[in-house]
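Here is how the chains run, residue by residue.
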Amino acid sequence: MKRLLLIAVLLLMMPVVIYAQDTEKKIAILEIVDRDENVSQGMKLMLRSRLTAAVTATQGYVGLDRVDMDAVLAEHNFQRSGIVAEKYIKQLGEALGADYVMIAEAAWFNSYKTELVISAKLIDVESFRVIKTAMVNTPANSAYVDDNCRKLAKKLLKPSNSFQQTPGSGYIPNY
């Protein structure tokens, strides 16, 4: 009797689990862009890994990591050199089954290379519209990078209007 009750409860919960998985938004996190080409590959790897983890830890979102993306990209023969040309972002998102693509850029904030500035934008794959942008500064050590990548993900993924209105001043971007 207990076993039958347990099976019934599990069967009733299964549609909820399936529905929850279907409602998660998938975000493909591309290679970190370094326009000055002086951020180390190890730092870019850490940033991308931490951003993926931060996105996945946010309720309702799943970050697509390098393993997922490389398999699809290899299959579809996309050419990449740190950033995908804008005209291919929709194709990339569709091939990955992603709803959004995140493009993040990193640069040293000072000449001592002790602090990074990380800027990111979230692009809707269907409309190719930039949904939101955000930026953080972070000391260049693992604990701070982890914390600030979580803050960056929270800024990008928190539900809010793209713009907020303040009395008498028109619209002010809400980032």
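Residues numbered from 1 in each chain as written. Predicted model: local features only at pLDDT ≥ 70, side-chain atom pairs only at ≥ 80, totals over all residues. Heavy atoms only, no water.

**Notes on the sheet that holds strand 3 (residues 100-108)**
Sheets are built from strands paired through backbone hydrogen bonds, the pairs being either parallel or antiparallel.
No. 1: Reading across from one edge, 2-1-3-4-5 is the order of the 5 strands in this open sheet, with mixed pairing throughout. Looking at the sheet topology across the chains shown, the edges are occupied by strand 2 (61-64) and strand 5 (130-139). Within this sheet the neighbouring strands show an average axis-to-axis angle of 25°, counted without direction.
No. 2: Pairing of strand 1 (residues 25-29) with strand 3 involves 3 bridges; the strand directions are parallel. Bridge pairing links Ala28 to Val101 in strand 3.
No. 3: Contacts between helix 5 (residues 142-157) and the sheet are confined to strand 1, strand 2, strand 3, strand 4 (115-124) and strand 5, with strand 5 contributing the most and set at about 160° to the helix. (Pairing = 2+ DSSP bridges. Helix = DSSP H or I, 4+ residues; strand = E, 2+ residues; numbered from the N terminus. Axes fitted to C-alpha atoms, helices over the stretch in contact; angles between N-to-C directions. Contact = heavy atoms within 4.5 Å.)

**Here we look at the environment of Gln91**
No. 1: Relative to the assigned elements, Gln91 resides in helix 4 (residues 86-96).
No. 2: Residues Gln91 and Val125 lie 34 residues apart in sequence; the distance between their C-alpha atoms is 8.2 Å.

**Some thoughts on the pattern of salt bridges**
No. 1: Enumeration over the complete set of coordinates arrives at 5 salt bridges.
No. 2: With a shortest N-O distance of 3.7 Å, Asp147 and Arg150 are connected by a salt bridge. You can see Asp147 and its partner Arg150 sitting in helix 5, 3 residues apart, about one turn around the helix.
No. 3: A residue is classified by how much of its surface remains accessible, and Asp147, at 28% relative accessible area, is partly exposed.
No. 4: Taking relative accessible area as the criterion, Arg150 reaches 42% and is therefore assigned partly exposed.
No. 5: Each of Asp146, Asp147, Arg150 and Lys151 takes part in one network of salt bridges that share partners. (Salt bridge = Lys/Arg side-chain N within 4 Å of Asp/Glu carboxyl O. Buried < 20%, exposed > 50% of the residue type's maximum accessible area, 1.4 Å probe, protein only.)

**Description of the nonpolar core**
No. 1: Residues Ile27, Met43, Leu47, Leu51, Val55, Met102 and Leu152 are the most contacted members of the largest nonpolar core, which totals 28 residues.
No. 2: Elements supplying a minimum of two residues to this core: strand 1, helix 2 (41-56), strand 3, strand 4, strand 5 and helix 5.
No. 3: Setting aside residues up to four positions removed in sequence, Met43 forms contacts with Trp108, Leu116, Ala140 and Val145.
No. 4: Ala28, Leu30, Ile89 and Ile123 belong to the second-largest nonpolar core, a separate cluster that totals 13 residues. (Core = buried A, V, L, I, M, F, W, Y, C linked by side-chain atoms within 4.5 Å.)

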